[in-house]
Amino acid sequence: MPEHVHFVSDKEEILKAIKNSEVKTWILKAPFFCGGHGFKIIESEAQVPEKLPFPHILEPYLKRVADMAVYYDPDSREMFHYISYINPEGVYLGGRIYQNQAYLELELKHDGLYDAFMSVVHKAEEYLQELKKHPLAQPVTLDSFLYRDDKGKLKGYAISETNYRISMGTLNRSLRKFLPENGVGTLVATKKHDNIVTGK
């Protein structure tokens, strides 16, 4: 997890966090919106909103390389991984699902992301095991992503979000059932000119 994550309630708290840090670019996240909607990139004090309708999360903006998720359904006990498509602001634009996880591994190895991906996924799965110690009444999706630091080093951000609700992971599970054996499917929920971060 990146450092300098703040819970902020007003403009003054945002400005205080920005002024006391060497971080140049921030992302302000609305925790109650879905799919990254309500996120705002902040690169200067002039971009700080005057008011917040509810507390937000303020954290350093990271240059994402690939987004992924671990989905688990407590009723069927089905668990699988998938790739999420997002734009640079973190808004969800679709995903890539796999009937056979071996094909996911092949693509990740081809892109040089396999080791970093699996490291993040293992951390997410460990966290899932802790969640499973409690009764789960609905599906849970654990979002994570890979990013590059200022020196270009590939790093992982495990569990950037925990979605304990019906989510895009639930939709991906439904669509995955229609894939043939070893099939790969892509869901795109985006405009033609959106800039998608795919990991390639």
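Up top is the structure.
What counts as what
Residues numbered from 1 in each chain as written. Predicted model: local features only at pLDDT ≥ 70, side-chain atom pairs only at ≥ 80, totals over all residues. Heavy atoms only, no water. Helix = DSSP H or I, 4+ residues; strand = E, 2+ residues; numbered from the N terminus. Rg over C-alpha atoms; globule rule 2.2 N^0.38 Å. Buried < 20%, exposed > 50% of the residue type's maximum accessible area, 1.4 Å probe, protein only. Contact = heavy atoms within 4.5 Å. Areas by Shrake-Rupley, 256 points an atom, 1.4 Å probe, with all protein chains shown as cover. Pairing = 2+ DSSP bridges. Axes fitted to C-alpha atoms, helices over the stretch in contact; angles between N-to-C directions. Polar contact = N/O pair within 3.5 Å; in protein donor to acceptor, adjacent residues only side chain to side chain. Salt bridge = Lys/Arg side-chain N within 4 Å of Asp/Glu carboxyl O. Core = buried A, V, L, I, M, F, W, Y, C linked by side-chain atoms within 4.5 Å.

Caption draft 1: Molecular detail of the overall build of the chain. In terms of helices and strands, the chain carries four helices and 10 strands. Listing each helix as α and each strand as β along the chain from the N terminus yields β-α-β-β-β-β-β-β-α-α-β-β-α-β. In terms of overall dimensions, the chain is globule-like: its C-alpha atoms have a radius of gyration of 17 Å, near the 16 Å expected for 200 residues. Counting across all 200 residues of the chain, residues that qualify as buried make up 45%. Contacts in the chain between residues at least 24 apart in sequence constitute 65% of all its contacts with a sequence separation of at least 6. A total of about 11,500 Å² of accessible surface is found on the chain, and carbon and sulfur atoms cover 52% of it.

Caption draft 2: Here's a closer look at the sheet that holds strand 4 (residues 56-60). Overall, antiparallel pairing links the four strands, which are arranged 1-4-2-3 in an open sheet. Because the sheet does not close on itself, it has two edges, and the strands there are strand 1 (6-8) and strand 3 (40-42). Going across the sheet, the axis of each strand differs from the next one's by a mean of 30°, ignoring polarity. The pairing of strand 2 (residues 26-29) with strand 4 spans four bridges and is antiparallel. Its bridge partner lying in strand 4, K29 is registered against I57. Most of the contacts of helix 1 (residues 11-19) go to strand 1, to which it runs at about 155°, and overall it touches strand 1, strand 2, strand 3 and strand 4.

Caption draft 3: Main features of helix 2 (residues 101-110). Looking at where helix 2 begins, the residue whose side-chain oxygen comes 2.8 Å from the main-chain nitrogen of A102 is N100. A positive phi of about 75° marks G112, the residue just after helix 2.

Caption draft 4: Region of the structure containing the pattern of salt bridges. What the rule picks out here adds up to eight salt bridges. As a salt-bridge pair, R64 and D67 come within 2.4 Å of each other at their nearest N and O atoms. By relative accessible area, D67 is classed as buried at 6%. Here E130 ties to K133 by a salt bridge, and the two come within 3.1 Å at their closest N and O atoms. Residue E130 is classed as partly exposed on the basis of its relative accessible area of 42%. One salt-bridge network, in which partners are shared between bridges, spans E78, R173 and R176.

Caption draft 5: Just the pairing of strand 9 (residues 154-163), in detail. Looking at chain direction, strand 8 (residues 140-148) and strand 9 are connected through seven bridges and run antiparallel. Following the sheet pairing, R148 is matched in strand 9 by L154. Turn length for the strand 8-strand 9 hairpin, with the two strands adjacent in sequence and antiparallel, is five residues, and the turn residue G152 shows positive phi of about 85°.

Caption draft 6: Representation of the nonpolar core in the model. Counting 27 residues, the largest nonpolar core has M68, I83, F117, L142 and L146 as its most contacted members. When contributions to this core are tallied by element, the ones reaching two or more residues are strand 5 (63-73), strand 6 (78-86), strand 7 (92-98), helix 2, helix 3 (114-131), strand 8 and strand 9. Apart from residues lying up to four places away in sequence, M68 is in contact with Y82, I83, S84, F117, V120, V121, L142, D143, S144, F145 and L146. Formed by 11 residues, the second largest nonpolar core is a distinct cluster that contains I14, A17, I18 and L28.

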